[in-house]
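# Coordinate analysis (summary)
One letter stands for each residue in the lines below.
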Amino acid sequence: MTDTTEAAEGTDTLTRLEQEGEIAADYLEGLLDIADLDGDIDMDVEGDRAAVSVISDASSRDLQKLVGRDGEVLEALQELTRLAVHRETGERSRLMLDVAGFRARKREELTQQASDAAEKARETGEPVTLKPMTPFERKVVHDAVKAAGLRSESEGEEPQRCVVVLP
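Criteria and cut-off values
Note that residues are indexed from 1 along each chain, following the sequence as it is written. Only residues with pLDDT of 70 or above have their local features reported here, since the model is predicted, and side-chain atom pairs are shown and tallied only from 80 upward, although totals for entire chains, interfaces and linings are computed over all residues. The side-chain quantities take in all heavy atoms of the structure and omit both hydrogens and water. Strands here are runs of E lasting at least two residues and helices are runs of H or I lasting at least four, both read from the DSSP assignment and numbered beginning at the N terminus. In this scheme, a residue with accessible area under 20% of its type's maximum is buried, one over 50% is exposed, and one in between is partly exposed, where area comes from a 1.4 Å probe on protein chains only. Here, a strand pair is defined by DSSP locating no fewer than two bridges between the strands. Expected helix span is taken as 1.5 Å per residue step, with the number of steps being one fewer than the number of residues. Contacts are assigned to residue pairs with any non-hydrogen atoms lying within 4.5 Å of each other. Fitted lines through C-alpha atoms serve as axes, helices being fitted only where they are in contact, and the angles separating the N-to-C directions of these axes extend from 0 to 180 degrees. Residues enter patches when they are more than 30% accessible in relative terms and free of salt bridges; like-charged ones are connected within 9 Å and nonpolar ones (Val, Leu, Ile, Met, Phe, Trp, Tyr) within 5 Å. The method behind every accessible area is Shrake-Rupley, applied with a 1.4 Å probe, and residues are considered shielded solely by the protein chains displayed. By salt bridge we mean one thing: a side-chain nitrogen of Lys or Arg within 4 Å of a carboxyl oxygen of Asp or Glu. By the counting scheme adopted, Arg and Lys are positive, Glu and Asp are negative, and His together with the chain ends is not counted. Throughout, a charge is located at the NZ atom of Lys, the CZ atom of Arg, the CG atom of Asp or the CD atom of Glu.

## Section: the overall build of the protein
When its secondary structure is counted, the protein shows five helices and six strands. Sequence-ordered secondary structure for the protein, helices as α and strands as β, is α-β-β-α-α-β-α-β-α-β-β. Dimensions of the protein along its principal axes, counting C-alpha atoms only, are 50 × 50 × 30 Å. Out of the 167 residues in the protein, the part that is buried amounts to 34%.

Here you go:
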């Protein structure tokens, strides 16, 4: 592949992800209006996926309704938003949604947890099994373990699927 072809494909991908973000933002703005919730939409492209965040200047307590217990409502809302994007584009979306900084805080916690597990696996020479996690959580842990120079794998069936950090 030539540099020109790669650059064109990169531009096409960026344009597609920006379009996904715009569709998602429109969908979420409609939802916020219906639910009578205040929030601003922030769009970005992170790596190979669109990232959309709902943020609020006011009390984030209102937006907590969109997060739910342990992010359960957020997971469902993300799937609905991905479906809205799919309906418009005909393409499967890997869009990531965050509300009130929930995923950002969770990512920090999980990265620390993964680092601790990697250190324990290195010290003991034994695999370290973490508690069951959502697909988002497992992806964050796998990435952090890889960055620490170790391997990890997922084991079990949903919803009890967990990450095992290998020494």
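So, next bit.
## Details of the pairing of strand 6 (residues 162-166)
Here strand 6 lies mainly inside the structure; five of its five residues are buried. Side chains of strand 6 alternate between two faces, with Cys162, Val164 and Leu166 and Val163 and Val165 buried alike. Relative to strand 6, strand 4 (residues 128-129) is paired through two bridges, and the arrangement is antiparallel. Note on strand 6: the bridge partner recorded for Thr129 is Val164. Examined bridge by bridge, strand 5 (residues 151-155) and strand 6 share five bridges and lie antiparallel to one another. Bridged to Glu153 within strand 6 is Val164. Connecting the antiparallel pair strand 5 and strand 6 is a turn made up of six residues, with Gly156 showing a positive phi of about 95°.

## What about helix 5 (residues 135-147)?
A rise of 1.5 Å per residue sets the reference length of helix 5, with its 13 residues, at 18 Å; its end C-alpha atoms lie 18 Å apart and thus fit the reference within 8%. Taken together, the buried positions of helix 5 are occupied by Phe136, Glu137, Arg138, Val140, Val141, Ala144 and Val145. Along its buried surface, helix 5 packs onto helix 3 (72-89), strand 3 (96-99), helix 4 (102-124), strand 5 and strand 6. Gly149, located one to two residues past helix 5, shows a positive phi value of around 90°.

## Quick look at the sheet that holds strand 4
Strand order in the open sheet formed by three strands is 4-6-5, and the pairing between neighbours is antiparallel. The sheet terminates laterally at strand 4 and strand 5, the two strands that pair on one side only. Running over the sheet, helix 4 touches strand 4 and strand 6 and is turned about 40° from strand 6. Lying over the sheet, helix 5 contacts strand 5 and strand 6, oriented at roughly 160° with respect to strand 5.

## Quick notes on a negative patch on the surface
On the surface, a cluster of negative charge is made up of Glu18, Glu22, Asp26, Glu29, Asp33, Asp36, Asp38, Asp40, Asp42, Asp44, Glu46 and Asp62. Elements with a contribution of two residues or more to the negative patch: helix 1 (3-35) and strand 1 (40-46). Among the elements that make up the negative patch, the one with the highest residue count is helix 1 (five residues). As for its position among the elements, Asp62 is in helix 2 (residues 61-64).

## As for the pattern of salt bridges
Summed over the entire model, instances satisfying the criterion amount to ten salt bridges. Here Glu137 ties to Lys106 by a salt bridge, and the two come within 3.4 Å at their closest N and O atoms. Here Glu137 is found in helix 5, whereas its partner Lys106 is found in helix 4, with 31 residues between them in sequence. Given a relative accessible area of 8%, Glu137 falls into the buried group. Measuring nitrogen to oxygen at the nearest pair gives 2.7 Å for the salt bridge that ties Arg138 to Glu158. With Arg138 in helix 5 and Glu158 in the loop between strand 5 and strand 6, this pair connects stretches of sequence that are 20 residues apart. Residue Arg138 is classed as buried on the basis of its relative accessible area of 8%. Within this structure, Arg69, Asp70 and Glu72 form a network of salt bridges that share partners.

## Notes on the side chain of Gln78
Tracing the sequence through the fold places Gln78 in helix 3. Residues in contact with Gln78, not counting those within four places in the same chain, are Leu95, Met96, Leu97 and Arg103.

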